[in-house]
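Structural overview
Next come the chains, spelled out residue by residue.
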Amino acid sequence: DLTLENLLDYAEELCYTKEDFLIIIEEFTDIDLKSSHKRKVLAYFYGKSGHNEKQLEILESNLIYGSDYWDLTDYYIEKGDEDKALEIAIRGITKSQGIKNELYNFVEKYYENKNEYDKLLDLLKLKVNNRDFKCTAQMKDSTYILLEKYYKQTKDYKASKSLLLLRFDIEELVDFELYKD
């Protein structure tokens, strides 16, 4: 039985033209789009068929999980609109449920590439407020590491102090042994 999920595995091999993708889309016009995965697959087919407006419409519908926002963010990245991608990623960080790692990573790299360390600090604070600040015995939070390194390089002691104070605000979330120099 051919379903939308397993059709994706064969689509690249079966479809040579935009019209081929339209044939696949026609077969699944009545599909329930509550599933994030089904929306992503159908949006992919619309994109391959050249129907970018329909692709975008599907990606924008029913944004619930971090992965939903990431798919939409990735759409804008592929279209070359990083500012719109940033807007969507930040909205996803603040509004979505579930895992948000890809969204955080994109925003972190965006701000790092623009040397916007004040916004990286805001991102770290947002992680803390959202309780998305993750530390394990094996690693520190990547945003924290970037800021710590930058503040040391620039000898910005006031900012280092704010970073240190932030550590105390998140005492129950962090193993402080990780942060000893």
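The preceding data block contains the structure.
A brief structural summary. Remember, predicted model here, so these are calculated numbers, not experimental data.

A word on the nonpolar core
Of all hydrophobic cores here, the largest spans 47 residues; its most connected members are Phe 45, Phe 106, Val 107 and Leu 147. Not counting residues within four places of it along the chain, the set of residues in contact with Leu 147 comprises Tyr 117, Leu 120, Leu 121, Leu 124 and Leu 163.

With respect to the packing of helix α5 (residues 66-78) against helix α7 (residues 101-113)
Two numbers describe how α5 lies on α7: the axes approach to 8 Å, and their chain directions differ by 40°. One finds that α5 runs oblique with respect to α7. Contacts between α5 and α7 involve Gly 66, Tyr 69, Trp 70, Thr 73 and Ile 77 on the former and, on the latter, Glu 102, Leu 103 and Phe 106. Of the residues belonging to the contact of α5 with α7, the class tally is five nonpolar, two polar and one charged.

Some points on helix α4 (residues 52-60)
For α4, every residue scored as buried is listed here: Gln 55, Leu 56, Ile 58 and Leu 59. Along the axis of α4, the buried positions cluster into a sector of 165°, meaning they face one direction only. Along its buried surface, α4 packs onto α3 (36-48) and α5. Downstream of α4 by one or two residues, Asn 62 has phi in the positive range, about 55°.

Basis of the calculations
Residues numbered from 1 in each chain as written. Predicted model: local features only at pLDDT ≥ 70, side-chain atom pairs only at ≥ 80, totals over all residues. Heavy atoms only, no water. Core = buried A, V, L, I, M, F, W, Y, C linked by side-chain atoms within 4.5 Å. Buried < 20%, exposed > 50% of the residue type's maximum accessible area, 1.4 Å probe, protein only. Contact = heavy atoms within 4.5 Å. Axes fitted to C-alpha atoms, helices over the stretch in contact; angles between N-to-C directions. Helix = DSSP H or I, 4+ residues; strand = E, 2+ residues; numbered from the N terminus. Parallel < 35°, antiparallel > 145°, perpendicular 65-115°, else oblique. Nonpolar A, V, L, I, M, F, W, Y, C, P; charged D, E, K, R; others polar. Arc of directions from axis to C-beta.

Take it as geometry only, folks, not as evidence of what the structure does.
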